[in-house]
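# Fold and contact review
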Amino acid sequence: MSEEKSLNFLEEIVESDLATGKHKAILTRFPPEPNGYLHVGHAKSICLNFGLAKKYNGKTNLRFDDTNPVTEDTEYVDSIKEDIHWLGFEWENELYASDYFEQIYQFAVQLIGKGLAYVDDSSSEEIAAQKGTPTQAGTDNTFRSRSIEDNLRLFEEMRAGKYADGAKVLRAKIDMASPNMLMRDPIIYRIKHAHHHRTGDNWCIYPMYDFAHGQSDSIEKITHSICTLEFIPHRPMYEWFIEQLGIFPSKQYEFARLNMTYTVMSKRKLLQLVNDGHVNGWDDPRMPTISAMRRKGYTPESIREFCEKIGVARRENLIDIGLLEFCVREHLNRIALRRMVVFDPLKLVITSYPEAETEMFRCEDNPENPDGSYREVPFSRELYIEKDDFMEVPSKKYFRLAPGQMVRLKSAYIIKCDEVIKDENGNITELRCTHLPETKSGNDTSGIHVKGTLHWVSVAHAVHTELRLYERLFKAENVADAEGDFKENINPDSLQVIATAYAEPALKTAKFDERYQFLRKGYFCLDKDSNEEKIIFNRTVTLKDGWAKENKKVSIT
RNA sequence: UGGGUUAUGGUGUAAUGGUAGCACAACAGAUUUUGAUUCUGUUUGUCUAGGUUCGAAUCCUAGUAACCCAACCA
């Protein structure tokens, strides 16, 4: 009894196209512009394009949309390729729109020959003015009626470098009165005497998106060209060019881009965060980029699962970032190695425990994954526990340590708090406790049940580490809708560094490809800034904290 | 007073004229040597107004709201 998962609208289209024989196989493409790093919104598109092809035994090309040399760079090309691979996808061909520059140029010549394109000498302002407004038709200018011969010669001269940037453009001759602003004789070629990261100085004219994207799709025989909603008005143009050129009829389909609470998703804004130093680079773990998520400890599996869960549709959406966190917790819970780390230490002395003794306790690596794997954790007379695991005057429902109260130390003994030591200012500096030897983990013969279990680290064996705790980068749930500039909504407390935390010895040999759960605290991974002297961990995500919620309720009532 | 697109619980997403389902969130409880995980249960929805029909989220009519379009960006 398998539950059929319903298809999204694109899967329906593909199944129909395959069923009717319109296509024998499907070919999709992922078309990033190499002018920034990929973010989780791109991950949605990647999962869609590669996932759709995979599901229906098709293929996907990676094609860089590199038609604007002034903003693009190979640095971005490299990062994009790395991110796609990391997410777990393989492209059929690595291609570039710039590979087709000569072909696209010939397409333009073809259009001119048919009297469907013309060279316009107008300035950018003039062109804008002649374009009209949404409620007012545009007007034809005199260049519109240039002869085919003149247009052919002028366009050739543009290519030859005879004119300065902005002196002339090539425009498609469509309809200056179209209700669709984009159809009012769109510019298809502009002059840019700029060095291109792949074609070097071969060209000084470059095609616009609308005269490169559909053409590239067609050249590659892409069957389903999937893009976001804002390209809907471009579709008539996409189809017009393909029809006039008489080339392979790729079809464009649009879906709603991903928006997420407490974050921004536009490359422009992300670039600004980087350039203005609000974050430390594209892979700062607070960023929504793929590289940042990787550094923060997210797994490809969890991102793919997230993209699966959010679905694909054509309506605007604002996804709760909590769903992303749910997905990564779900995966990390299964694979993360359990370790104990004390963030904010309070010294605890077990007066009943021999001073010179050290016991090794066997602790499971992951209770969810009972493969028997475990590590040894040293226990001794002096330990660290978390400050907030002790309350001198416990509130209702607090079942951690308090004077006269008992708790279990995870994988060790049940202890009882006998005495609270304070300094001259009344600050608690140390706890004196006694342990119950018969409650030893695994051999508990006491029959005693305690409600609280604490993590701990032996003082003498503690490994000093740095912890980087990340919160949401923005304070506003819907950053786009929030008042003022988006930067005014940056959360000033998005990064908290704990310079010295105390970790159990097993973390001395932490590895980059492993994921850890610091018991009762959260999921962590080794940061690339770690070195011989300093071990640094990033918090991927906290554990769900039922006590924090309960505590809030208690303090309100 | 232009064109295009979209409206289903708090957030997403199904139901293709026939029991409004699923996930996250929230809430309540059970289990727990992680206040985690796991398990059980509960609350909350078809933009509005008419119409067609035995029956409408779905079809029709009229509204309303939101988003996109006037870069030599993609």
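Residues numbered from 1 in each chain as written. Chains lettered and ligands numbered in written order. Predicted model: local features only at pLDDT ≥ 70, side-chain atom pairs only at ≥ 80, totals over all residues. Heavy atoms only, no water.

## Structural notes on helix H9 (residues 267-275)
Restricting attention to buried positions, one finds in H9 the residues Leu 270, Leu 273 and Val 274. Viewed end-on, H9 has its buried residues packed into an arc of 100°, placing them on one side of the element. Exposed residues on H9 whose side chains face more than 90 degrees from its buried face are Arg 268 and Asn 275. Downstream of H9 by one or two residues, Gly 277 has phi in the positive range, about 75°. (Buried < 20%, exposed > 50% of the residue type's maximum accessible area, 1.4 Å probe, protein only. Helix = DSSP H or I, 4+ residues; strand = E, 2+ residues; numbered from the N terminus. Arc of directions from axis to C-beta.)

## Let's talk about the pattern of salt bridges
Across all of its chains, the model carries 43 salt bridges by this definition. Notably, a salt bridge pairs Asp 389 with Arg 400, separated by 3.0 Å at the nearest N-O pair. One end of the pair, Asp 389, is in the loop between strand S15 (382-386) and strand S16 (406-409); the other, Arg 400, is in the loop between S15 and S16, with 11 residues separating them in the sequence. Its relative accessible area of 16% is what places Arg 400 among the buried residues. (Salt bridge = Lys/Arg side-chain N within 4 Å of Asp/Glu carboxyl O.)

## Some remarks on the protein's contact with RNA strand B
Around RNA strand B, the structure places 62 residues, and the nearest of them are Glu 12, Thr 67, Arg 338, Ser 441 and Gln 517. Restricting the count to atoms of RNA strand B within 4 Å of the protein gives a sugar and phosphate share of 61%. Arg 190 places a side-chain nitrogen or oxygen 2.8 Å from a phosphate oxygen of RNA strand B. The separation between a phosphate oxygen of RNA strand B and a polar main-chain atom of Leu 318 is 2.7 Å. Of all the elements in the fold, those that place two or more residues in the surface near RNA strand B are strand S6 (187-191), helix H11 (300-310), helix H12 (321-335) and helix H13 (546-556). (Near = heavy atom within 4 Å. Polar contact = N/O pair within 3.5 Å; in protein donor to acceptor, adjacent residues only side chain to side chain.)

## Some words on the pairing of strand S21 (residues 463-470)
Taken across its 8 residues, S21 has 7 buried, putting it largely inside the fold. Relative to strand S22 (residues 495-503), S21 runs antiparallel, the two being bridged by 7 bridges. In the sheet register, Leu 467 faces S22, and the bridge partner there is Ile 498. The pairing of S21 with strand S25 (residues 535-542) spans 4 bridges and is classified as parallel. Bridging across to S25, Leu 467 finds its partner in Phe 537. (Pairing = 2+ DSSP bridges.)

## Concerning the sheet that holds strand S7 (residues 205-207)
Judged by pairing direction, the sheet is antiparallel, and its 4 strands sit side by side in the order S4-S5-S6-S7 without closing on themselves. Each edge of the open sheet is held by one strand with a lone partner, namely strand S4 (117-120) and S7. Pairwise comparison of adjacent strand axes, ignoring direction, gives a mean angle of 20° for this sheet. Pairing of S4 with strand S5 (residues 169-172), which is carried by 4 bridges, proceeds in the antiparallel orientation. Residue Tyr 118 lies in a different strand from S5, and its bridge partner there is Arg 171. Strands in contact with helix H4 (residues 101-113) are S4, S5, S6 and S7; relative to S6, the strand with the most contacts, it is inclined by about 120°. (Axes fitted to C-alpha atoms, helices over the stretch in contact; angles between N-to-C directions. Contact = heavy atoms within 4.5 Å.)

## Observations regarding the domain arrangement of chain A
For chain A, the assigned domains are domain 1 (9-255), domain 2 (267-337 + 465-552) and domain 3 (341-455). Relative placement of domain 2 and domain 3: their C-alpha centres are 29 Å apart. Opposite the 23 residues of domain 2 that make contact, domain 3 presents 23 residues. Summed over both sides, the interface between domain 2 and domain 3 buries roughly 1,900 Å², with carbon and sulfur atoms accounting for 59% of that surface. (Domains from an automatic or database assignment. Buried area = accessible area lost by both parts, 1.4 Å probe.)

## Description of empty space enclosed by the protein
Tallied over the full model, the rule gives 1 cavity of 30 Å³ or more. The computed volume of the largest cavity comes to approximately 30 Å³. The wall of the largest cavity is formed by Tyr 209, Asp 210, His 213, Gly 214, His 234, Tyr 238 and Gln 252. (1 Å grid on protein atoms, 1.4 Å probe; cavity = no way out; pocket = protein on both sides within 12 Å on 5 of 7 lines; lining within 4 Å. Points joined across faces, edges and corners; volume = space filled by probe spheres on them.)

## Regarding the environment of Gly 311
Position of Gly 311 among the secondary structure elements: in the loop between H11 and H12. For the pair Gly 311 and Leu 48, spaced 263 residues apart in sequence, the C-alpha to C-alpha distance is 9.4 Å.

## What about the sheet that holds strand S2 (residues 59-64)?
Spatially, 3 strands are ordered S1-S2-S3 in an open sheet, and the strand pairing comes out parallel. Looking at which strands have only one partner, the edges of the open sheet turn out to be strand S1 (27-30) and strand S3 (94-96). Along the sheet, successive strands turn relative to each other by an average axial angle of 35°, direction set aside. Contacting S1, S2 and S3, helix H3 (residues 74-87) crosses the sheet at an angle of about 160° to S2.

## Quick look at the packing of aromatic side chains
Scanning the model with the defined rule gives 27 aromatic pairs in all. Judged by centre distance (6.2 Å) and plane angle (40°), the rings of Phe 474 and Phe 486 are tilted. Taken together, the positions of Phe 474 in the loop between S21 and S22 and Phe 486 in the loop between S21 and S22 put the pair 12 residues apart, joining distant regions of the chain. An aromatic cluster is present here, built from Phe 101, Tyr 105, Phe 155, Tyr 189, Trp 203, Tyr 206, Phe 211, Trp 240 and Phe 241 joined pairwise through their rings. Here Lys 269 stacks its cationic end above the ring of Phe 486, 5.4 Å away from the centre of that ring. In this structure, Arg 294 packs its charged tip against the face of Trp 86, placed 5.3 Å from the ring centre. (Phe/Tyr/Trp six-rings, centres within 6.5 Å; stacked < 30°, edge-to-face > 60°. Lys NZ or Arg CZ within 6 Å of the ring centre and 35° of its normal.)

## Notes on the side chain of Glu 220
Within the secondary structure, Glu 220 sits in helix H7 (residues 213-220). Glu 220 gets classed as buried once you look at its relative accessible area, which sits at 11%. There is a polar contact of 3.0 Å between the side chain of Glu 220 and the side chain of Asn 61. Beyond its immediate sequence surroundings of up to four residues, Glu 220 is in contact with Leu 27, Asn 61, Arg 63, Leu 95 and Tyr 100.

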